[in-house]
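Chain and residue survey
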Amino acid sequence: MARKISFDKEYILKNSISDVAGLVKDISSEISDYLDEANLNLFAAALYEVAINAIEHGNLGISYEAKKEWIEKNIYHEKLSELLKTEKAKNTFVEIKLNIENDCITLIVEDKGQGFKPNMEMEKIKKESFTRNSGRGMMMMKSYFDEIKYNKTGNAITLIKNIK
C-alpha cells in the first residue's frame, strides 16, 4: 500500500517577474523533503519557466513572434515593462496549486489568458529545435515531469512528478 502524503497549498502570483524567483523558492522548500538536490533544481527551473510563461504569454498575451522580434531589436525588457503597467496586468494573476500525495507531486499553474494549443506549439518547437528564442520551457517540462496535461482552453497546465 502506497504511503499517503497529503499537503495542499495555493499560491497567487501577481504579474511581477521579480516575484517569480521567490515563489519558486517557497514551493521548492515545500517539496525539498521529497526530491534530491539535483531533482529539486530541475523542478525549480521548470517551475520558473512555467510561471514566467504564464505571465508573459498568458496574462500579458505576448506572442512568440512579438517576443522574438523584441529580443532581436533589444527592446524586450522595455516592452515587458510597459505591459506590466497596464490595467490588464494589474487585474490578472497566476494561480498555482501544489499537492503532494500518493508518491507524486502535482502542480497546477493557471493564468487568466486566452490559452494556446500545446500540440501545435510542440510541433513548431520540434521543427525549429533549440534555435528558437523561446519555447524551450515546454521541452524542459516534457523532459523532467512524468506527466503533463493542459486544460481544454490551454491556459492551465498540470505537472506531475513521481517521487517514489
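Anyway, here's the lowdown on the structure attached to this text. (Residues numbered from 1 in each chain as written. Predicted model: local features only at pLDDT ≥ 70, side-chain atom pairs only at ≥ 80, totals over all residues. Heavy atoms only, no water.)

1. Overview of the side chain of Ser 16
By the secondary structure assignment, Ser 16 is in the loop between β1 (7-14) and α1 (17-31). Within polar-contact distance, the side chain of Ser 16 engages the side chain of Ser 18 at 3.0 Å. (Helix = DSSP H or I, 4+ residues; strand = E, 2+ residues; numbered from the N terminus. Polar contact = N/O pair within 3.5 Å; in protein donor to acceptor, adjacent residues only side chain to side chain.)

2. Some words on the packing of aromatic side chains
Scanning the model with the defined rule gives 4 aromatic pairs in all. Residues Trp 70 and Tyr 76 carry aromatic rings whose centres are separated by 6.5 Å and whose planes lie at 40° to one another, so their mutual orientation is tilted. Ring plane angle 80° and centroid distance 5.0 Å describe the contact between Tyr 144 and Phe 145, whose orientation is recorded as edge-to-face. Phe 145 sits in the buried class, given a relative accessible area of 5%. What links up through ring pairs into an aromatic cluster is the set Phe 43, Tyr 144 and Phe 145. Here Lys 161 stacks its cationic end above the ring of Tyr 144, 4.2 Å away from the centre of that ring. (Phe/Tyr/Trp six-rings, centres within 6.5 Å; stacked < 30°, edge-to-face > 60°. Buried < 20%, exposed > 50% of the residue type's maximum accessible area, 1.4 Å probe, protein only. Lys NZ or Arg CZ within 6 Å of the ring centre and 35° of its normal.)

3. Structural notes on the nonpolar core
Within the largest apolar cluster, 38 residues are counted, with the highest numbers of intra-cluster contacts made by Ile 27 and Phe 43. Every residue in contact with Phe 43, bar those within four places of it in the chain, is listed here: Ile 27, Ile 31, Leu 35, Ile 105, Leu 107, Tyr 144 and Phe 145. (Core = buried A, V, L, I, M, F, W, Y, C linked by side-chain atoms within 4.5 Å. Contact = heavy atoms within 4.5 Å.)

4. Some details on the pattern of salt bridges
All chains considered together, the criterion is met by 4 salt bridges. Glu 56 is paired through a salt bridge with Lys 67; the nearest N and O atoms lie 2.8 Å apart. Residue Glu 56 is located in helix α2 (residues 37-59), and its partner Lys 67 is located in helix α3 (residues 64-72); the two are separated by 11 residues in the primary sequence. Given a relative accessible area of 11%, Lys 67 falls into the buried group. Its salt-bridge partner being Glu 147, residue Lys 149 comes within 3.4 Å of it at the nearest N-O pair. Given a relative accessible area of 42%, Lys 149 falls into the partly exposed group. (Salt bridge = Lys/Arg side-chain N within 4 Å of Asp/Glu carboxyl O.)

5. Description of the pairing of strand β3 (residues 104-110)
Most of β3 is tucked away: 5 of the 7 residues are buried. Pairing analysis gives 7 bridges linking strand β2 (residues 93-101) to β3, with the strands arranged antiparallel. Along β3, the bridge assignment pairs Glu 95 with Glu 110. In this antiparallel pair of consecutive strands, β2 and β3, the connection spans 2 residues, and Asn 102 shows a positive phi of 50°. Looking at chain direction, β3 and strand β5 (residues 156-162) are connected through 7 bridges and run antiparallel. Bridge pairing in β5 places Leu 107 opposite Leu 159. (Pairing = 2+ DSSP bridges.)

6. Some points on α3
By the burial criterion, the buried members of α3 are Tyr 64, Ala 66, Lys 67 and Trp 70. With its buried residues spanning 165° around the axis, α3 presents them on a single face. One or two steps after α3, the chain reaches Asn 74, where phi turns positive at roughly 60°. (Arc of directions from axis to C-beta.)

7. Description of unusual backbone geometry
Not every positive phi belongs to a glycine, and Asn 74 is a case in point at roughly 60°. In this structure, Asn 74 sits in the loop between α3 and α4 (76-84).

8. Considering the packing of α1 against α2
Packing of α1 against α2 leaves a shortest axis separation of 9 Å and a crossing angle of 145°. Along this stretch, α1 crosses α2, giving a crossing that reads as right-handed. Contacts between α1 and α2 involve Ile 17, Val 20, Ala 21, Val 24, Ile 27, Ser 28 and Ile 31 from the former and Leu 40, Phe 43, Ala 44, Leu 47, Tyr 48, Ala 51, Ile 52 and Ile 55 from the latter. For the contact of α1 with α2, a count of residues per class yields 14 nonpolar, 1 polar and no charged. (Axes fitted to C-alpha atoms, helices over the stretch in contact; angles between N-to-C directions. Left-handed = near helix turned anticlockwise from the far one by under 90°. Nonpolar A, V, L, I, M, F, W, Y, C, P; charged D, E, K, R; others polar.)

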